[in-house]
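# Observations on the model geometry
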Amino acid sequence: MTELLKLQGLTKAYPGVIANDDVGFSIAKGEVHALLGENGAGKSTLVKMIYGLTKPDSGTMTLHGETYVPTSPQAARAAGVAMVFQHFSLFEALNVAENVALGMENPPKMKDLAKSIRDVSQAYGLPLDPDRTVGDLSAGERQRVEIIRCLLQDPKLLIMDEPTSVLTPQEVEILFKTLRQLQSEGTSILYISHKLEEIRSLCDGATILRLGKVVGTCDPRTTSARDMAELMVGETLHIPTRDAKTSGAELLAIKDLNYAPKNPFGTRLKNLSLTVHAGEVLGIGGVAGNGQDELLSVLSGEARAQTGTVTLEGKEISKLGPNARRALGLLAAPEERLGHAAAPNMSLIENTALTAIIRKDLSKNSFINWTKTENFANDIIATFDVRTPSATAAARSLSGGNLQKFVIGREVMQDPKVLVVNQPTWGVDASAAASIRQALLDLAAGGAAVICISQDLDELMEISDHFAALNEGRLSTPRAAKGLSIDEIGLMMGGSDTASNTQTTEGVPA
Amino acid sequence: MDLGSISLVAFFASLMVASTPILLAALGEMITERAGVLNLGVEGMMIIGAICGFAVAVESGSAVMGFIGAAVGGALLSMLFALLTQFLYATQVPSGLALTLVGVGLASFIGQPYVGESPPAVAKMAIPVLEHIPFFGPAMFQHDAMVYISILLTIAIWAFLKFTRGGLILRAVGENHDAAHALGYKVRLVRVMAIGFGGALAGLGGAYISLIRVPQWTDGITAGIGWIALAIVVFASWKPGRVLFGAYLFGGLTALQLNLQAANVPLLLVLPYLVMLSGVIFLAIAVAAGSWKKTLDVKPTLKTFAQFIGTGLVLLLIGVLTNYASGLDLLLLSSAPFVATIVVLVVISARSKGASNGPAMLGKIFQAH
């Protein structure tokens with residue numbers, strides 16, 4: 001195989017941190033190359049340099065044997081480098097064709113463009129209507145917009161940043177089929193992901209980054225996921241352990257809940273029932289936007305349900321607000337860390353007071369006991385290994401993973417009877433994610449019930465006793481997580497693309 | 001009381017003149033907001049345009065030079081806003097309010113030597129052939145060039161936003177600045193240009209007041225027109241056609257108010273019938289549009305129609321009961337253009353589903369990282 005892109009000695013420093021330090025590797029023509037690393041390992045800085053969004057301080061890149069110095073994304077695209085972003089770079093109010101046009105150098109007339117979008121989407125098995133508004137599309141369809149935007153420019157190198165984090169297993173299969181087809185046509189792919197099993201099934205080579213440096217290369221087809229993870233983390237990976245559980249008394253129950261959110265773009269919860277028992281972890285999967293946020297807000301008390309639908313230890317709580325529920329022992333940690341779980345510009349101490357003031361008895365006659373609050377904040381920071389200069393730092397100044405540890409730790413350490421978490425390890429690196437999962441398991445082992453809403457199926461399979469999935473506001477019947485096959489999970493998640501795949505799959509239980 | 005003394009031709013002609021400054025300023029602000037920038041300094045940029053245009057026109061003796069000077073003046077002042085919000089990352093709302101304060105004060109300072117001066121006259125530019133159409137000719141086609149320019153600008157801006165790549169990029173920047181940046185578009189440059197364009201148009205609108213509509217210089221000459229332009233942009237759902245409609249509606253009501261006042265006719269005597277007439281026109285348009293698109297929501301349409309008629313009847317009743325008291329009428333006269341414009345545009349934007357959402361990044365600070 002001939003070499004397509006070669007990086008040598010790339011270094012990029014930001015004030016106070018060296019994001020990339022002497023990074024070098026090469027990608028062959030038609031190779032699917034994985035770039036692995038924890039959060040903050042320097043993957044996105046590296047990719048930004050290849051895509052022309054930032055300039056390296058030193059080092060060289062060669063493309064097709066010629067010096068490659070992209071000064072802007074336009075220049076990168078002109079050289080045949082395209083990129084699919086992790087957080088989609090899409091415009092919700094614009095339609096598919098307009099979104100595609102914005103990612104092209106010299107887009108044809110809208111009419112012709114719509115036709116080429118249809119052609120390409122057919123050729124690669126990615127159905128997409130160019131006239132639809134992107135705001136109405138599912139996450140999987142949005143990703144197709146990004147991919148087709150890239151494909152229309154006939155790229156030599158396609159960069160994909162965590163492309164599967166928002167997809168159902170079936171959608172992942174469709175994506176992989178497309179990527180393999182591209183590979184067979186000679187396109188190289190630089191594939192960034194946390195999901196090691198995916199990399200093992202898709203990629204031909206892998207480069208592993210840690211703290212801005214290349215710490216290893218391997219052939220992912222022959223290296224085990226555990227070995228790759230340990231290269232990434234730089235230490236032996238701690239996999240959450242759990243004891244055999246004994247199911248306790250029923251703690252929280254939802255019965256025939258119907259809820260229409262105020263937000264017109266929200267998902268209506270339909271006829272939803274669930275129960276969790278002491279010591280149980282209930283995992284709730286599903287593709288984003290199928291009612292996860294609404295379910296969390298109904299449980300946390302931010303949204304009021306009809307009387308008689310939500311009970312805690314047999315006590316009616318449907319109309320209680322968040323603070324009343326906290327007093328009773330039902331705590332929640334929402335998905336959005338900044339702005340929902342924590343107030344960005346307030347210190348960690350103040351953020352501690354915001355949710356812990358009732359259960360931890362942090363105030364007297366409406367005056368906050370700051371000493372006590374600070375002590376509790378420091379407890380959280382020490383117990384959950386939150387890396388911050390001090391408890392007085394603003395929540396905004398913490399990295400995503402560290403803030404997430406703080407947010408989860410703050411609730412866990414208030415000894416909840418029931419804890420509801422949404423996406424507890426989203427965007428968190430492997431070792432921090434493992435410790436968060438362990439904390440949830442420890443909490444359940446201590447007799448609390450945990451409801452974990454997540455889009456990371458591996459995570460749910462790892463910690464759940466029972467598993468259910470949300471699809472368009474309906475919750476599937478919870479089933480024991482042990483022994484569920486990926487096809488069964490896919491059926492529970494009920495993606496629209498499942499029909500053709502699952503009919504041919506043998507032995508699908510009803 | 002002499003309703004017959006109101007000439008319809010003169011009324012429509014004065015309507016267009018009264019609407020043009022609002023239209024210009026609102027179009028400029030619409031472009032700025034479509035790029036995701038909320039500049040509340042329209043009033044300040046207008047009044048700076050008014051005095052710059054006035055001063056340049058007086059000094060050079062040319063109204064054209066005056067308008068150019070007004071556009072430059074408005075754009076220059078808007079660059080102060082651009083500096084604050086795009087380079088120093090100041091919050092947009094207080095920066096815009098400050099811009100108005102600076103503009104009004106500065107205009108008063110610059111304007112002191114010009115009080116009592118009169119600007120060079122602006123020639124009327126009658127459109128050949130069209131000007132001879134009975135009624136419509138004198139009402140619509142015997143104006144100064146700026147009136148036509150403002151309408152052509154509306155069409156040009158509509159086409160720019162809908163059909164050109166530049167318009168698409170502008171909308172993209174206003175919709176999601178992070179994504180636009182990731183795709184390699186220069187968010188800050190686009191925004192600075194949009195702010196400058198908004199300033200230039202606000203300046204033209206201001207100069208139209210001081211050079212044509214009034215035409216003389218007094219302190220506070222824009223009298224809140226900039227704020228109306230801001231409101232029209234929002235209630236017009238950031239659409240050029242509706243901005244034109246809103247500006248003409250406001251201008252029309254202002255002209256009507258002046259005409260009624262001159263004729264000494266109580267507004268309440270006329271208003272109920274106008275409101276009911278609007279209801280009938282609305283119904284006709286809705287039915288026509290519905291039969292064309294082959295979809296007509298009968299219930300909401302009838303409901304809106306009934307609301308128009310009901311409002312008219314209530315106004316009629318108030319008029320009869322108060323016996324057209326002059327105090328009440330004065331209040332109505334001065335507030336009618338504001339209230340009516342906003343009510344009508346709110347009804348329109350409430351009826352169009354989803355389309356009334358503004359640019360998603362409106363007022364948000366963008367910092368490249």
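Cut-offs used in this document
Residues numbered from 1 in each chain as written. Chains lettered and ligands numbered in written order. Predicted model: local features only at pLDDT ≥ 70, side-chain atom pairs only at ≥ 80, totals over all residues. Helix = DSSP H or I, 4+ residues; strand = E, 2+ residues; numbered from the N terminus. Rg over C-alpha atoms; globule rule 2.2 N^0.38 Å. Buried ≥ 20, exposed ≤ 12 C-beta atoms within 10 Å, placed from the backbone. Contact = placed C-beta atoms within 7 Å. Pairing = 2+ DSSP bridges. Domains from an automatic or database assignment. Nonpolar A, V, L, I, M, F, W, Y, C, P; charged D, E, K, R; others polar. Core = buried A, V, L, I, M, F, W, Y, C linked by C-beta atoms within 7 Å. Axes fitted to C-alpha atoms, helices over the stretch in contact; angles between N-to-C directions. Parallel < 35°, antiparallel > 145°, perpendicular 65-115°, else oblique. Left-handed = near helix turned anticlockwise from the far one by under 90°. Expected span 1.5 Å × (residues − 1). Arc of directions from axis to C-beta.

For the rest of this paragraph, the subject is the overall build of chain B. Secondary structure summary: chain B contains 14 helices and 2 strands in total. For chain B, the C-alpha radius of gyration of 21 Å lies close to 21 Å, the compact-globule estimate for 369 residues. Dimensions of chain B along its principal axes, counting C-alpha atoms only, are 65 × 55 × 45 Å. Across the 369 residues of chain B, 45% fall into the buried class. Sequence-distant contacts, at least 24 apart, represent 81% of the contacts inside chain B between residues at least 6 apart.

Residues and elements named next belong to chain A. For strand S8 (residues 188–192), a buried count of 5 out of 5 residues is recorded, marking the element as mostly surrounded by other parts of the structure. By the alternation rule, side chains of S8 split into Ser-188, Leu-190 and Ile-192 and Ile-189 and Tyr-191, which are all buried. In this structure, strand S3 (residues 32–36) lies alongside S8, joined through 4 bridges in parallel fashion. Each residue of the ladder has a partner; that of Leu-35, found in S8, is Ile-192. Sheet topology note: the strand S7 (residues 157–161)/S8 ladder contains 5 bridges and is parallel. Bridged to Leu-158 within S8 is Ile-189.

With that out of the way, let us pick up the pairing of strand S21 (residues 466–471) of chain A. Residue and element names in this part refer to chain A. For S21, the tally of buried residues reaches 6 of 6 residues, placing the bulk of the element in the interior. Pairing of strand S13 (residues 281–285) with S21 involves 4 bridges; the strand directions are parallel. Bridging across to S21, Gly-283 finds its partner in Phe-467. Pairing of S21 with strand S23 (residues 479–480) involves 2 bridges; the strand directions are antiparallel. The partner of Phe-467 across the bridge, within S23, is Arg-479. As defined by bridge partners, S21 adjoins strand S22 (residues 474–475) across 2 bridges and the pair is classed as antiparallel. Bridge pairing in S22 places Asn-471 opposite Arg-474. What sits between the antiparallel neighbours S21 and S22 is a turn of 2 residues, in which Glu-472 has the positive phi angle 50 degrees.

This paragraph deals with the domain arrangement of chain A. Residue and element names in this part refer to chain A. Assigned domains within chain A: domain 1 (3–233) and domain 2 (250–340 + 416–504). Here the C-alpha centre of domain 2 lies 32 Å away from the C-alpha centre of domain 1. With 15 residues of domain 1 at the contact, the number on the domain 2 side is 17 residues. Of all elements in the fold, only helix H6 (169–184) and helix H8 (225–233) reach the threshold of two or more residues within the side of domain 1 that touches domain 2. It is H6 that provides the largest number of residues to the side of domain 1 that touches domain 2, a total of 5 residues. Each residue belonging to the side of domain 1 that touches domain 2 can be placed in one class, and the counts come to 7 nonpolar, 5 polar and 3 charged.

What follows covers unusual backbone geometry. Residues and elements named next belong to chain A. One non-glycine residue, Asp-22, adopts positive backbone phi at about 55 degrees. Positionally, Asp-22 belongs in strand S2 (residues 17–28). With a phi angle near 55 degrees, Asp-361 is a residue other than glycine that sits in the positive phi range. Locating Asp-361 in the fold gives a position in the loop between helix H11 (348–356) and strand S17 (363–364). According to the C-beta neighbour criterion, Asp-361 is exposed, with 10 such atoms within 10 Å.

What follows deals with the sheet that holds strand S1 (residues 3–14) of chain A. Residue and element names in this part refer to chain A. In space, the 4 strands of this open sheet follow the order S2-S1-S4-S5, with antiparallel pairing throughout. The open sheet has two free edges, formed respectively by S2 and strand S5 (66–67), since each of these has just one partner strand. Pairing of S1 with strand S4 (residues 58–63), which is carried by 5 bridges, proceeds in the antiparallel orientation. By the bridge assignment for S4, Thr-11 is matched with Ser-58.

In this structure, Ile-159 of chain A together with Ala-26 and Ile-232 of chain B are the most contacted members of the largest nonpolar core, which totals 243 residues. The biggest single contributor to this core is helix H9 (residues 187–213) of chain B, with 15 residues. Setting aside anything within four residues of it in sequence, one finds Ile-159 of chain A in contact with Val-47, Ile-50, Tyr-51, Val-81, Met-83, Val-84 and Leu-190 of chain A.

Domains assigned within chain B are domain 1 (3–237) and domain 2 (266–356). Put simply, the middle of domain 1 of chain B and the middle of domain 2 of chain B, counted by C-alpha atoms, are 28 Å apart.

Another aspect to go through is the interface of chain A and chain B. Accessible area lost on assembly of the parts is the figure often given for the size of an interface. Between chain A and chain B, the residue contacts involve 15 residues of the former and 10 residues of the latter. For the side of chain A that touches chain B, the secondary-structure elements that each account for two or more residues are helix H2 (73–78) and helix H3 (96–102) of chain A. Among the elements that make up the side of chain A that touches chain B, the one with the highest residue count is H3 of chain A (3 residues). Looking at the side of chain A that touches chain B residue by residue, the class counts come to 9 nonpolar, 4 polar and 2 charged.

Residue and element names in this part refer to chain B. Running from N to C, helix H2 (residues 42–60) and H9 cross one another at 55 degrees; their axes reach a closest spacing of 6 Å. On the basis of the axis angle, H2 is oblique to H9. Helix-helix and strand crossings are classified by hand; for H2 and H9 the assignment is right-handed. Each of Val-42, Met-45, Met-46, Ile-47, Ile-48, Gly-49, Ala-50, Ile-51, Cys-52, Gly-53, Phe-54 and Ala-57 in H2 lies in contact with H9, whose residues at this interface are Gly-199, Ala-202, Gly-203, Leu-204, Gly-205, Gly-206, Ala-207, Ile-209, Ser-210 and Leu-211.

Residues and elements named next belong to chain A. Taken in spatial order, the 6 strands line up as S6-S7-S8-S3-S9-S10 in an open sheet, and their pairing is mixed. The open sheet has two edge strands, strand S6 (81–84) and strand S10 (213–218), and neither has a second partner. Averaged over neighbouring strand pairs, the angle between their axes works out to 20 degrees when direction is ignored. This element, helix H1 (residues 43–50), spans S3, S6, S7, S8 and strand S9 (205–210) of the sheet and lies at about 150 degrees to S7. Together, S3, S9 and S10 form the strand contacts of H8, whose direction differs from that of S9 by roughly 30 degrees.

As a further point, take helix H12 (residues 370–383) of chain A. All names here are of chain A. The end-to-end C-alpha distance of H12 is 20 Å, a good match for the 20 Å that 14 residues give at a rise of 1.5 Å each. Those residues of H12 that fall on the buried side of the exposure criterion are Thr-373, Phe-376, Ala-377, Ile-380 and Ile-381. Along the axis of H12, the buried residues cluster in a sector spanning 140 degrees; they form a single face. Those residues of H12 that are exposed and aimed more than 90 degrees away from the buried face are Thr-371 and Ala-382. In this structure, the buried residues of H12 make contact with H11, strand S18 (367–368) and helix H13 (400–412).

Residue and element names in this part refer to chain B. At a closest axis distance of 9 Å, the pairing of helix H1 (residues 8–34) and helix H6 (residues 145–163) adopts a crossing angle of 25 degrees. As judged from the angle between their axes, H1 and H6 are roughly parallel. The hand of the H1/H6 crossing is left-handed. On H6, the residues that touch Met-16, Thr-20, Leu-23, Leu-24, Leu-27, Ile-31 and Arg-34 of H1 are Met-146, Val-147, Ser-150, Leu-153, Thr-154, Ile-157 and Leu-161.

Residue and element names in this part refer to chain A. Its location among the elements puts Leu-211 in the loop between S9 and S10. Residue class for Leu-211 comes out partly exposed when judged on the 15 C-beta atoms lying within 10 Å of it. A C-alpha to C-alpha distance of 34 Å links Leu-211 and Val-281, two positions 70 residues apart in sequence.

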